[in-house]
Each structure stands twice: as structure tokens, then as C-alpha cells.
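Letter by letter, the chains look like this.
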Amino acid sequence: MAFRYREDLVGKRFLSVSGVAKINVNKVSEWGWKAGVIRAASLKDNKNKELQVLVEYDGVEWQRREWVAVHSRRTFRVFLVERTLVWAPKKYENEEVKWPALTFTPLSAVDVTLQADCQPVEFLHDRSLQFLDYANLQPFQDWDARLAGSETGVGADLLSSLSAESAEWRSAQDGQRILTSTPSVLGELV
């Protein structure tokens, strides 16, 4: 079973390209991508032009989180949020293996359209980016060490780490879905 897309933004990874970045449409991988996690959102409506999100960039201390207006052209040319987990081809020590990777969907893309064969995927574990055609990717349903390269020499420690990271992602999706879609009743303390 492929994982359903969650509309809520909090807790999701994002990829962005600054509004002042100079871009060459033929070299998507050189656009100055930044990545991180969305920690809060000002509105529930993701399409609202007033939407702001609190972002925590990778490699930046958490105290330096900042609120950004995702639909402002001055802020971003492209702002993508994670969509789902897939098996994507990756080179590992001169062998092609399948690796768990996140796909992304545009939250805002001001005058930029990504070509079908240049869609970003972010691999688990090393968070490296690659640009692929999503139509050629296999949905992640269950952990499969053979797909991840167990038969081509990928080490047991790395496979174990990848398995744990993919399980953690699935668990986080389930937890977020429960928190955002299940009505709850708070009992009175007596």
C-alpha cells in the first residue's frame, strides 16, 4: 500500500529555491536548493496567499528558525513539500540499487515549472538530492533489503539504518494522520 498524501504541512520536509536565486531551467540540480523541516503553519489552507510557515533549515541551529511567506515571489521561486516515500535508483559503489527516497509536490512555484524528468527526490540516510522522473519510481510499501542492495554489497549496518529510517517515516505519517484526523475528547481531571 502506498502512503496517502497528508495535506497538513507541520512535520514535513521541504525543498526550496530562493526568490533571488538565478536559475537556468536546464540545470535544475544547480538551483541552490535548501532543505529542512516545517515546524508550524500560520493557516490550515495551504493555498492561501497569506500562508506563512516556520522553517528549520538543515545544518542551521534550531534557534535560527524563521517564519517565511511561501507564496511570495520575493521569498521563493519554488517551495516543495514532501509527498511520499518511493524506491528510487541510486548509485552505491558503482552498483545501481534502489533506495528509499522522498518525493515532493509544489506548494508554490512562482514562474518555474519542473520538467517531468527533473523532479527532486531526497534519499533517506544521506539526504542527497537527485532529479528523476516520478513515473519511473516504485512506491515504497515495505522494507526490502534486496532492493536496497543487500545482494550487491551494501553493508548490514547501512541497511539496518535505512530500514529504521523508513520505518520511522511511516510511523510519523501514521502518527500525524491520527493527530490531525481523529476527533479527540479531553477528559476532565477530577
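Residue positions are given per chain, counted from 1 along the sequence in the order it is written. Per-residue local features are limited, in this predicted model, to residues with pLDDT of at least 70; the limit for side-chain atom pairs, both in listing and counting, is 80 or more; totals at the level of whole chains, interfaces and linings are taken over all residues. In computing side-chain values, all of the structure's heavy atoms are included and hydrogens and water are not.

Undergrad: Tell me about the overall build of the protein chain, and please be specific about residues and values.
TA: Strands here mean DSSP runs of E at least two residues long; helices mean DSSP runs of H or I at least four residues long; both are numbered from the N terminus. Each helix and strand counted, the protein chain has one helix and nine strands in total. Only protein chains enter the area calculation, which uses a 1.4 Å probe; residues under 20% of their type maximum are buried, those over 50% are exposed, and those in between are partly exposed. The proportion of buried residues among the 190 residues of the protein chain is 40%. The contact criterion used is simple: two residues touch if any of their non-hydrogen atoms lie within 4.5 Å. Expressed as a percentage of contacts within the protein chain between residues at least 6 apart in sequence, the contacts between residues at least 24 apart total 57%. Looking at the protein chain as shown, the accessible area adds up to about 11400 Å², and 49% of this sits on carbon and sulfur atoms. For every accessible area listed, the method is Shrake-Rupley and the probe measures 1.4 Å; residues are considered covered only by the protein chains on display.

Undergrad: If you had to explain the packing of aromatic side chains to someone new, which residues and values would you point to?
TA: What counts as a ring pair is set by centres within 6.5 Å for rings of Phe, Tyr and Trp (its six-membered ring), and what kind of pair is set by the plane angle: stacked under 30 degrees, edge-to-face over 60, tilted for all other angles. All chains considered together, the criterion is met by eight aromatic pairs. A centroid spacing of 5.6 Å and a plane angle of 75 degrees characterise the contact between Phe14 and Tyr57, whose relative ring orientation is edge-to-face. With Phe14 in strand β1 (residues 13-18) and Tyr57 in strand β3 (residues 52-57), the pair connects residues that are 43 residues apart, well separated along the chain. Judged by its relative accessible area of 0%, Phe14 falls in the buried class. Positioned over the ring face of Trp99 is Lys90, at 5.2 Å from the centre of the ring. Criterion for a charge above a ring: Lys NZ or Arg CZ within 6 Å of the ring centre, and within 35 degrees of the ring normal.

Undergrad: Lay out the confidence of the model for the protein chain with the relevant residues and their values.
TA: The score called pLDDT rates the predictor's confidence residue by residue, from a low of 0 to a high of 100. Here the protein chain shows a mean pLDDT of 84. Residues at 70 or above account for 85%. Averaged pLDDT values for the elements of the protein chain fall to 80 in helix α1 (residues 156-181) and rise to 96 in strand β7 (residues 119-123). Confidence drops under a pLDDT of 50 for residues 185-190, and excluding neighbours within four residues, the segment shows zero contacts in the predicted structure.

Undergrad: How would you summarise the pattern of salt bridges if you had to cite specific residues and measurements?
TA: By definition, a salt bridge exists where a carboxyl oxygen of Asp or Glu is found within 4 Å of a side-chain nitrogen of Lys or Arg. Enumeration over the complete set of coordinates arrives at seven salt bridges. Between Glu122 and Arg13 there is a salt bridge, with its nearest N and O atoms 2.6 Å apart. With Glu122 in strand β7 and Arg13 in strand β1, this residue pair connects regions lying 109 residues apart in the sequence. Across the pair, Arg13 and Glu122 agree in class, each one buried. Taking the shortest distance from any N to any O, the salt bridge between Arg65 and Glu56 comes out at 2.6 Å. Under the relative-accessibility criterion, Arg65 is labelled partly exposed at 34%. Given a relative accessible area of 16%, Glu56 falls into the buried group. Here the salt bridges share partners, and the residues they tie into one network are Arg13, Asp58, Glu122 and Arg127.

Undergrad: Quick one: what's the story with the nonpolar core, residue by residue and with numbers?
TA: If you look at the biggest cluster of nonpolar residues, it comprises 32 residues, and the most contacted ones within it are Trp31, Trp33, Val78, Leu80, Ala88 and Val121. Secondary-structure elements contributing two or more residues to this core are β1, β5 (76-92), β6 (95-109), β7, β8 (129-132) and α1. A per-element tally of this core places β5 first, with six residues. Nine residue types can take part in a nonpolar core, namely buried Ala, Val, Leu, Ile, Met, Phe, Trp, Tyr and Cys, and a core is a set of them joined through side-chain atoms within 4.5 Å. Of all hydrophobic cores here, the second largest spans 13 residues; its members include Val53, Val55, Phe79 and Val81.

Undergrad: Lay out the pairing of β3 in plain terms, naming residues and giving numbers.
TA: Counting buried positions over the six residues of β3 gives five, a clear majority of the element. When DSSP locates at least two bridges between a pair of strands, those strands are taken to pair. With five bridges connecting them, strand β2 (residues 34-41) and β3 associate as antiparallel partners. Note on β3: the bridge partner recorded for Val37 is Glu56. As defined by bridge partners, β3 adjoins strand β4 (residues 66-69) across four bridges and the pair is classed as antiparallel. Looking at β4, one finds that Leu54 is bridged to Trp67.

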